[in-house]
Amino acid sequence: MNIPTNLKYSKTDEWFDPSSGAMGLTDYAQEQLSDIVFVEILVSSGESVKAGQPVASVESVKAAAESYSPSSGEVSEVNEALAEKPEVLNSDPYGAGWMVKLKGGTASDLMDAAEYEKYCSERSH
Amino acid sequence: MTYIPHSPKERDAMLVTIGVKSLEELFKDIPAKFRFPDLDLPPALTEMEAAAELAGYANANETSQTFVSFLGAGVYNHYIPAAIDHILRRGEFYTAYTPYQPEISQGTLQAIFEYQSLMTSLTGMEVSNASHYDGATAVAEAANMAYAQFRGKRSKMVISPTVNPQYRATLRTYTQGMSLTLVGDDAGANLDGGPETIERFIDEETALVVVQYPDFFGRIYDYTQLAESTHAAGALFCVAVNPTALAILKTPGEMGADIVVGEGQPMGIPMSFGGPYLGFFTTLKKYIHKMAGRVVGETVDNRGQRAFVLTLTAREQHIKRERATSNICSNQGLLALASAVYLSLLGQTGFHQVAELCYHKAHYAAEQINKLKGYKLCFDTPFFHEFSVCCPKPVAEINAHLLEHGIIGGYDLGQDYPALKDHILIAVTEMNTKEEIDLLVEILEEVSHD
């Protein structure tokens, strides 16, 4: 399982990059969901969001899930390319699979990579 | 599958497990006097007596089998080939419900897949779901889809006053509590004009525009221009259709529709006093994730053989919960099958022929009625197999007179449209012979003299 150390993690399996403001689904989450066939970003550029607010709706071949904002702030950018290529959430969750970028807010109480790894391994039993 | 009821031994074992002495003790919370109430029923009948009594009740009904019918208004009297019932009643098919363990029911899935394919080619659209309850609920699901498409951010829907009044009522029932505004069909709406009359309601707040084709009065309009105006405002365009008419008319797909829905009853389903019917729902591929209902897809199994599956199920409410487009994913499996069998038996040529017969017979009837003193066709717009006539007397009076002569008359438009008092909507299908049409014309003339 890939858990980059430069990112922060939420209990609802989103990653957050405090330096760029980008967020997305973790590798753990995409693996649990299996093949992702549809993603809809629920917020638009310029919209202000609260931490914990749903920002994306994801459907895989076996489940549907929502992604929640790991931080408050204003949406500065939305990854429009995901609508056409939802499968990048599986293949490149921390890169091309970013969902939205946020600016000017306060992140929730997030985990670092080591804490998140422990959190995931506890759930897999 | 064999159904094996519990044996007395198994029941005793269960009672011991839960610590209850007898079956009666399980029901002790129900006061004894209510457990076996005296139902005050008449003496029991033998099967032969019961059959005779029930047949007596059934025979009290007057139907399209015993009467000549010119009643339409959304439900039409068409010939139903005998083979349909034979196929429907096969044990493999004879359950009206959507399969819960779908992949084991390959036959059912294939039948739905064929149905979906037929519906998309009929409407000129790209995808179809496995069906809804009826035409009215299919229209309402179009509203749900448009609402979901814009994530509730567009709060207005424009509906033509010439959409079936029952569809409009159902749409209002489904959308109450969704903080939507439905406009375009208020009581004073202009009924003489074409599609352009609702154009002025379309704006940036509009999620959906709904029209009917042919409209409730039987009229045929090309909606291409209206579809363009709808798209210019960023909204979705929905057309509710009569499937029989599509056998000979330009498809809504060609006009630029985003959603095409309709009542499937004319395709091999009996009128049977109002249901069960079939709602079909088709749309474009780009909207498939927002479409309600089940979808059957074709794939290959692990041995490379053609197989059918329920696909894109994560859209549905049992998985997506409140974010799903609709809280209904039931389909009318048996009736969808009936329509698929109907279209397959008739083929493209046969279905075309049914539509042509309807068209020509209706035009013959309209022409004859229009010649009668006191009667006049309301509109000079092209029509399919149904037309509105302004009458010299109240429609109820005319229909009562027709009934005396074994004819079920037309639909009284005044009950839904106060402006159309004394207007009758007459439907003619392939089932009506020239003699029957001539008799209708004769009686209509007779009534006007009374």
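Position labels on residues start from 1 in each chain and follow its written sequence. Chain letters and ligand numbers both follow the written order, the letters beginning at A and the numbers at 1. With the structure being a predicted model, the display of local features is reserved for residues of pLDDT at least 70 and the display and counting of side-chain atom pairs for 80 or more, all residues being used for whole-chain, interface and lining totals.

(A) Main features of the overall build of chain A. Secondary structure elements are taken from DSSP: a helix is a run of H or I of four residues or more, a strand is a run of E of two residues or more, and numbering for both begins at the N terminus. A count of helical and extended segments in chain A gives four helices and nine strands. Overall, chain A shows an N-to-C arrangement of helices and strands of β-β-β-α-β-β-β-β-β-α-α-β-α. C-alpha atoms define the radius of gyration, and 2.2 Å times the number of residues to the power 0.38 defines the globule rule. For a compact globule of 125 residues, the expected C-alpha radius of gyration is about 14 Å, and chain A comes in at 13 Å, within 12% of that figure. Here exposure depends only on C-beta density: within 10 Å of a residue's C-beta, 20 or more other C-beta atoms make it buried, 12 or fewer make it exposed, and intermediate numbers make it partly exposed, the C-beta atoms being placed from the backbone. In chain A, which comprises 125 residues, the share counted as buried stands at 41%.

(B) Focus on the overall build of chain B. When helices and strands are tallied, chain B shows 15 helices and 15 strands. On the principal axes, the C-alpha backbone points of chain B span a range of 85 × 60 × 45 Å. The proportion of buried residues among the 450 residues of chain B is 43%. Long-range contacts, defined here as pairs at least 24 residues apart, represent 74% of the contacts in chain B between residues at least 6 apart. What counts as a contact is two residues whose backbone-derived C-beta atoms lie within 7 Å of each other.

(C) Representation of the nonpolar core. Any nonpolar core is a set of buried residues, restricted to Ala, Val, Leu, Ile, Met, Phe, Trp, Tyr and Cys, that join up through C-beta atoms within 7 Å. The biggest cluster of nonpolar side chains holds 113 residues, and the ones touching the most others in it are B:Val139, B:Ala142, B:Leu208, B:Val210, B:Cys238 and B:Val261. At 17 residues, the largest contribution of residues to this core is made by helix α13 (residues 333–371) of chain B. The start and end points of each domain follow an automatic or database-based domain assignment. Summarising the domain contributions, this core has at least three residues from each of domain 1 (68–79 + 347–449) and domain 2 (82–342) of chain B. Residues in contact with B:Val139, not counting those within four places in the same chain, are B:Tyr167, B:Thr170, B:Leu171, B:Val210, B:Ala240 and B:Val261. Counting 32 residues, the second largest nonpolar core, distinct from the first, contains A:Tyr9, A:Val39, A:Val43 and A:Ala64.

(D) Representation of helix α15 (residues 434–449) of chain B within the structure. Residue and element names in this part refer to chain B. To estimate how far a helix should reach, multiply one less than its number of residues by 1.5 Å. Spanning 16 residues, α15 covers 23 Å between terminal C-alpha atoms, matching the ideal 22 Å at 1.5 Å per step. Here α15 has its buried residues at Ile437, Leu440, Leu444 and Val447. Around the axis of α15, the buried residues are gathered within 85 degrees of arc, so they sit on the same side. In α15, the exposed positions that point more than 90 degrees away from the buried face belong to Lys434, Glu435, Glu446 and His449. Next to the buried residues of α15 lie α13, α14 (395–404) and β13 (407–408). In this description, the arc belongs to the directions extending from the helix axis to the C-beta atoms.

(E) Spatial organisation of the sheet that holds strand β4 (residues 36–41) of chain A. Residues and elements named next belong to chain A. In this description, strands pair whenever DSSP reports at least two bridges between them. One open sheet accounts for three strands, arranged β4-β6-β7; its pairing is antiparallel. The sheet is open, and its two borders are formed by β4 and β7 (64–68), each paired with just one other strand. On average, each strand axis in the sheet is tilted by 20 degrees relative to the strand beside it, whichever way the strands run. Note: strand β6 (residues 54–60) against β7, five bridges, orientation antiparallel. Among the inter-strand pairings, Ala56 is bridged to a residue of β7, identified as Ser67. To get an axis, fit a line to the C-alpha atoms, keeping to the stretch in contact for a helix; angles then go from 0 to 180 degrees between the N-to-C directions.

(F) Examining the interface of chain B and chain A more closely. Taken together, the contacts link seven residues of chain B with eight residues of chain A. Looking at side-chain class alone, the side of chain B that touches chain A contains two nonpolar, one polar and four charged residues. Here the nonpolar group is Ala, Val, Leu, Ile, Met, Phe, Trp, Tyr, Cys and Pro; Asp, Glu, Lys and Arg are the charged ones; every other residue, Gly included, is treated as polar.

(G) View of the environment of A:Pro70. All names here are of chain A. Relative to the helices and strands, Pro70 resides in the loop between β7 and β8 (73–78). The sequence separation of Pro70 and Tyr9 amounts to 61 residues, and the corresponding C-alpha distance is 7.9 Å. With residues near it in sequence (within four places) discarded, Pro70 still touches Lys8, Ser10, Glu14, Phe16, Met23, Ala51, Ala107, Ser108 and Leu110.

(H) Focus on the sheet that holds strand β4 (residues 181–183) of chain B. Residues and elements named next belong to chain B. Here seven strands make up an open sheet; going across it, the order is β2-β8-β7-β6-β5-β3-β4 and the pairing mixed. Each of the sheet's edge strands pairs with one partner strand only, and the pair in question is β2 (127–128) and β4. One ladder, built from six bridges, connects strand β5 (residues 206–213) with strand β6 (residues 236–241); its direction is parallel. Bridge pairing in β6 places Val210 opposite Cys238. Lying over the sheet, helix α7 (residues 135–149) contacts β3 (156–159), β5, β6, β7 (259–263) and β8 (279–283), oriented at roughly 160 degrees with respect to β7.

(I) Inspection of the pairing of β5(B) at higher detail. Residue and element names in this part refer to chain B. Of all eight residues making up β5, eight are buried, and the element is well covered by its neighbours. Relative to β5, β3 is paired through four bridges, and the arrangement is parallel. Opposite Met157, over in β5, you have Leu208 as the bridge partner. Throughout, right-handed denotes a crossover for which the path from the first strand over the helix to the second runs clockwise when the strands point away from the viewer. After leaving β5, the chain enters helix α9 (residues 224–232) and then returns to the sheet as β6, a path that is right-handed.

(J) Spotlight on the domain arrangement of chain B. Residues and elements named next belong to chain B. When its domains are assigned, chain B resolves into domain 1 (68–79 + 347–449) and domain 2 (82–342). Computed over C-alpha atoms only, the centres of domain 1 and domain 2 are separated by 28 Å. At the level of elements, α13 and β12 (386–390) are the ones that each hand at least two residues to the side of domain 1 that touches domain 2. Looking at the side of domain 1 that touches domain 2 residue by residue, the classes come out as 16 nonpolar, seven polar and three charged.

(K) Main features of helix α6 (residues 106–123) of chain B. Residue and element names in this part refer to chain B. For α6, which comprises 18 residues, the first-to-last C-alpha distance of 26 Å matches the rise-based estimate of 26 Å (1.5 Å per residue) to within 8%. Those residues of α6 lying buried are Thr108, Leu109, Ala111, Ile112, Tyr115, Gln116, Leu118, Met119, Leu122 and Thr123. A positive phi of about 75 degrees marks Gly124, the residue just after α6.

(L) Examining the confidence of the model for chain B more closely. Known as pLDDT, the predictor's confidence for each residue is given on a scale from 0 to 100. A residue-level look at chain B finds 98% of positions with pLDDT of 70 or above and a mean pLDDT of 93. Here the complex is predicted with pTM 0.87, and the ipTM for its interfaces comes to 0.76.

(M) Fine view of the environment of B:Leu71. With respect to the element layout, B:Leu71 can be found in the loop between β1 (68–69) and α5 (82–88). Residues B:Leu71 and B:Thr170, 99 residues apart in the sequence, show an inter-C-alpha distance of 21 Å.

(N) Broad picture of unusual backbone geometry. The residue after B:Tyr213, namely B:Pro214, is reached through a cis peptide bond having omega -15 degrees. Following the sequence through the fold, B:Pro214 ends up in the loop between β5 and α9. With an omega dihedral of 0 degrees, the bond running from B:Gly275 to B:Pro276 counts as a cis peptide bond. Unusually for a residue other than glycine, A:Asp13 sits at a positive phi of about 65 degrees.

(O) Layout of the packing of α7(B) against helix α8 (residues 165–175) of chain B. Residue and element names in this part refer to chain B. Here α7 crosses α8 at 45 degrees, and the two axes come no closer than 8 Å. Between α7 and α8, the crossing angle belongs to the class labelled oblique. Of the two elements, α7 crosses α8, and the hand of that crossing is right-handed. Taking contact as the criterion, the partners of Gly135, Ala136, Thr137, Val139, Ala140, Ala143 and Asn144 in α7 are, on α8, Gln166, Tyr167, Thr170, Leu171, Tyr174 and Thr175. Roughly parallel means an angle under 35 degrees; roughly antiparallel means over 145; roughly perpendicular covers 65 to 115; every other angle is labelled oblique. Crossing chirality is assigned from the near helix's rotation relative to the far helix, an anticlockwise turn below a right angle marking it left-handed and a clockwise turn marking it right-handed.

(P) Region of the structure containing the pairing of β3(B). Residues and elements named next belong to chain B. Looking at chain direction, β3 and β4 are connected through three bridges and run parallel. When the bridges of β4 are listed, Lys156 appears paired with Thr181. At this point the chain moves from β3, through α8, to the parallel β4, and the crossover so formed is right-handed.

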